[in-house]
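Topology and contacts: notes
Residue-level listing of the chains:
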Amino acid sequence: MSSNVPIAHGDITAPTPQNTPLTHAPIAAGLSRPTVPDISEDNEPAEDEDDSAQITSAQAAMLGLVQGRLADLVGKSSGYIESLPIDVRKSVEALKGVQVKQNELQNQYKRECLELEKKYLELQNPLYERRNAIISGSAQATVEEIEAGSQASLKDDPLYTPLPSDDAAPAAIPEFWLTALRNHVGLSEIITERDAAALKNLIDIRLSYLPSDSPKPGFKISFIFSPNDYFENDVLDKTYLYQEEVGYTGDFVYDRAIGTEIKWKEEKDLTKEFEIKKQRNKNTNRTRLVRKARPTDSFFNFFSPPVPPPDETDEEMDEEDLEELEEKLEMDYQIGEDLKEKIIPRAIDYFTGKALEYDVMDEDEDDFDELDDQDEDGQFDDEV
């Protein structure tokens with residue numbers, strides 16, 4: 001994907017304009033491998049190699065034992081706090097009380113940031129309406145708009161040849177949103193050719209925030225469609241909910257997502273594949289053909305988001321299944337954030353492909369880890 005937000009089951013932090021880094025790389029908590037200089041034959045006799053190997057092996061075993069012990073102690077009291085005098089322990093409790101008030105202020109701050117985002121979305125909405133009118137061809141582009149766009153193109157490419165600045169007749173841009181979505185690194189992987197036929201009818205994508213008096217804060221992405229051969233819905237919504245209180249890092253925490261139920265037309269469900277199977281009656285030995293449906297990959301599975309399991313069932317779930325579910329939740333949440341923070345506000349950059357170079361840059365940085373190993377000559381190995 002183009003950008004990966006750190007995500008963990010039960011504590012998914014929502015990026016905002018205030019906390020989203022320029023490079024959305026996953027932040028992994030861990031230790032880097034220690035860097036040691038190469039030991040040449042001149043520095044150490046060959047006969048000591050076996051001893052060194054034994055020492056290294058013993059150290060590795062000891063390190064593994066210590067790490068295992070430390071892992072067992074995570075979340076458990078060391079007994080230190082309990083050993084303090086009663087008056088000191090009261091001071092510790094008082095600090096917790098101060099922290100509670102700090103948390104309340106942080107909650108208030110994030111709520112006000114959310115209200116500020118809503119305010120500026122309202123200011124941008126007329127521009128989004130104007131954008132939609134140009135895309136659909138219902139309005140004519142002005143000379144000023146064309147000139148401003150040409151200046152932006154020249155800034156990106158000094159060799160760009162500006163278009164004539166005279167009036168232009170209204171001209172709809174075909175498959176604008178399908179092209180924009182396909183130019184997003186993550187979405188391009190889940191949009192199938194079958195999906196594309198339906199997404200050609202996508203005429204707009206809009207962002208809105210949940211009302212301030214909603215039980216939980218959050219936002220909604222609305223996909224607006226023209227009448228099509230695939231489903232009855234004019235609008236497909238995806239709503240993302242945050243928890244009421246900010247998380248430990250001081251940011252909103254992802255709670256869950258809710259998608260619109262798609263009213264598929266007969267035999268047009270893109271989230272299923274159909275196959276014909278023969279069945280034989282055990283009593284009469286007669287055969288019949290049965291049409292069976294099975295789930296398949298589709299962009300439209302986006303509107304049937306994965307459901308986080310209740311916390312008490314985490315230990316009951318198979319570790320592999322839990323990891324798979326967390327990956328699905330991460331991808332679903334990341335796509336929602338990318339639609340909100342990138343694709344909707346910068347749709348034209350995704351349509352032209354300009355945004356792709358930045359997404360690919362982020363992807364490249366995410367794909368590689370720093371290596372401390374050197375080859376026998378002391379030179380870094382360029383092979384990947």
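In this text the structure is predicted, and so the values were computed from the model without any measurement.

Conventions used here
- Throughout, a residue's number is its position along its own chain's written sequence, starting from 1.
- The predicted origin of the model limits local features to residues at a pLDDT of at least 70 and limits the giving and counting of side-chain atom pairs to 80 or more, whereas totals for whole chains, interfaces and linings rest on all residues.
- In computing side-chain properties, one takes all heavy atoms of the structure into account and sets aside hydrogens as well as water.
- To qualify as a helix, a DSSP run of H or I must reach at least 4 residues; to qualify as a strand, a run of E must reach at least 2; elements of each kind are numbered from the N terminus.
- Residue exposure (1.4 Å probe, protein chains only): buried if accessible area is under 20% of the type maximum, exposed if over 50%, otherwise partly exposed.
- Residue contacts are counted whenever heavy atoms from the two residues lie within 4.5 Å of one another.
- Under the convention used here, a 1.4 Å probe and the Shrake-Rupley method define accessible areas, while residue burial counts only the protein chains that appear.
- Excluding any residue in a salt bridge, patches collect residues exceeding 30% relative accessible area, merging like charges within 9 Å and nonpolar Val, Leu, Ile, Met, Phe, Trp and Tyr side chains within 5 Å.
- Every case where a carboxyl oxygen of Asp or Glu lies within 4 Å of a side-chain nitrogen of Lys or Arg is listed as a salt bridge.
- Residues scored as charged are limited to Lys and Arg (positive) and Asp and Glu (negative), so that His and the chain ends carry no count.
- Positions of charges follow a simple convention, taking NZ of Lys, CZ of Arg, CG of Asp or CD of Glu.
- For two strands to be treated as a pair, DSSP must find at least two bridges joining them.
- Expected helix span is computed as 1.5 Å times (number of residues minus one).
- A residue's bend is simply the angle between two axes: one fitted to the seven residues ending at it, one to the seven starting at it.
- The way it works is a 1 Å grid over only the protein atoms, where trapped points that fit a 1.4 Å probe form a cavity and open points with protein on both sides within 12 Å along at least five of seven lines form a pocket, and then any residue with an atom within 4 Å of a point lines it.
- Grid points are joined across faces, edges and corners, and a volume is the space filled by probe spheres set on the points.
- Residues are sorted three ways: Asp, Glu, Lys and Arg are charged, Ala, Val, Leu, Ile, Met, Phe, Trp, Tyr, Cys and Pro are nonpolar, and all the rest, Gly among them, are polar.
- Joining through side-chain atoms within 4.5 Å is the link that ties buried Ala, Val, Leu, Ile, Met, Phe, Trp, Tyr and Cys residues into a set, and such a set is a nonpolar core.
- The criterion for an aromatic pair is that two Phe, Tyr or Trp rings (for Trp, the six-membered ring) have centres within 6.5 Å, with stacked assigned to planes under 30 degrees apart, edge-to-face to planes over 60 apart and tilted to the rest.
- The criterion is that NZ of a Lys, or CZ of an Arg, lies within 6 Å of the ring centre and within 35 degrees of the ring normal, and then a charge sits over that ring.
- Nitrogen and oxygen atoms within 3.5 Å of one another constitute a polar contact, given that in protein one can donate a hydrogen and the other can accept it, and given that sequence-neighbouring residues count only through two side-chain atoms.
- Per residue, pLDDT measures the predictor's confidence, with a range of 0 to 100.

Turning next to the overall build of the protein chain. Looking only at helices and strands, one finds 10 helices and 7 strands in the protein chain. Counting every position in the protein chain, which comprises 384 residues, the buried fraction comes to 30%. Nonlocal contacts in the protein chain, meaning residues at least 24 apart in sequence, comprise 62% of its contacts between residues at least 6 apart. Taken as a whole, the protein chain presents about 26,200 Å² of accessible surface, with 52% of it coming from carbon and sulfur.

So, on to unusual backbone geometry. Excluding glycine, residues mostly carry a negative phi; peptide bonds, for their part, are mostly trans. If you check the backbone angles, Glu175 has positive phi at about 55° while not being a glycine. Along the chain, Glu175 falls in the loop between helix H4 (143-156) and helix H5 (176-182). Positive phi is not limited to glycine here, since Glu267 has a value of about 65°. With respect to the helices and strands, the residue Glu267 is situated in the loop between strand E5 (253-259) and strand E6 (272-280). Note on Glu267: relative accessible area 53%, which makes it exposed.

The subject of this paragraph is a nonpolar patch on the surface. The grouping of Leu116, Tyr120 and Leu123 at the surface amounts to a nonpolar patch, some 310 Å² of accessible area in total. With respect to the secondary-structure elements, Leu116 resides in helix H3 (residues 86-136).

This part takes up a negative patch on the surface. Residues Asp318, Glu319, Glu320, Asp321, Glu323 and Glu327 make up a contiguous surface patch of negative charge. Positionally, Asp318 belongs in the loop between strand E7 (287-295) and helix H8 (319-343). In this structure Asp318 comes out as partly exposed when scored by relative accessible area, which is 45%.

Of all 8 residues that make up strand E3 (residues 218-225), 7 are buried, and the element is covered over most of its length. Sheet topology places E3 next to strand E4 (residues 235-242); 7 bridges connect them, and they run antiparallel. Bridging across to E4, Gly218 finds its partner in Leu241.

We now examine H3. Taking 1.5 Å per residue as the helical rise, H3 with its 51 residues ought to reach 75 Å, and the 72 Å between its terminal C-alpha atoms agrees with that figure. At Gln124, H3 shows its maximal bend, which comes to roughly 35°, and the proline Pro126 appears one to four places after that position. Turning to H3, its buried residues are Asn107, Lys110, Cys113, Leu114, Glu117, Lys118, Leu121, Tyr128, Arg131, Asn132, Ala133 and Ile135. Residues of H3 that are buried sit in contact with H5, strand E2 (202-209), H8 and helix H9 (347-352).

Where empty space is left in the structure can be found by rolling a water-sized probe over the atoms. Put simply, the largest pocket is a space of about 1,400 Å³. Contributions of two or more residues to the lining of the largest pocket are made by H3, H4 and H9. When residues of the lining of the largest pocket are assigned to their parent elements, the largest contribution, 9 residues, is made by H4. Counted by class, the lining of the largest pocket contains 21 nonpolar, 6 polar and 8 charged residues.

Let's shift gears to the environment of Ile276. Structurally, the position occupied by Ile276 is in strand E6. For Ile276, a relative accessible area of 55% gives the class exposed. Excluding residues that lie within four positions of it along the chain, Ile276 makes contacts with Leu289, Val290 and Arg291.

Along the chain, the position of Arg131 falls in helix H3. For the pair Arg131 and Ala347, spaced 216 residues apart in sequence, the C-alpha separation works out to 9.4 Å. If sequence neighbours within four positions are ignored, Arg131 has contacts with Trp177, Ile344, Pro345 and Ala347.

It is worth spelling out the nonpolar core at this point. Residues Trp177, Phe223, Phe300 and Leu339 are the most contacted members of the largest nonpolar core, which totals 47 residues. A per-element tally of this core places H8 first, with 6 residues. The residues contacting Phe223, other than those within four sequence positions of it, are Leu202, Asp204, Ile205, Asp234, Val235, Leu236, Phe299, Phe302, Phe303 and Leu339.

For the structure shown, the criterion picks out 20 aromatic pairs. Taking 6.0 Å as the distance between ring centres and 65° as the angle between the ring planes, the aromatic pair formed by Phe223 and Phe299 counts as edge-to-face. Pair noted here: Phe223 is in strand E3 and Phe299 is in the loop between E7 and H8, with a separation of 76 residues, a long-range link. In this structure, Phe223 and Phe299 share a single accessibility class: buried. Following the ring pairs from residue to residue traces out a cluster consisting of Phe223, Phe225, Phe231, Trp264, Phe299, Phe300, Phe302 and Phe303. Positioned over the ring face of Phe302 is Lys238, at 3.4 Å from the centre of the ring.

Secondary-structure assignment places Ser222 in strand E3. Taking relative accessible area as the criterion, Ser222 reaches 10% and is therefore assigned buried. Side-chain polar atoms of Ser222 contact the side chain of Asp237, separated by 2.6 Å.

A few words now on the confidence of the model for the protein chain. Taken residue by residue, the protein chain gives an average pLDDT of 80. The fraction at 70 or more is 72%. Predicted confidence for residues 1-10 stays below pLDDT 50, and this span has 44 contacts to residues more than four positions away or in other chains. For the stretch residues 16-47, pLDDT sits under 50, and the model shows 35 contacts to residues farther than four places along the chain or on other chains.

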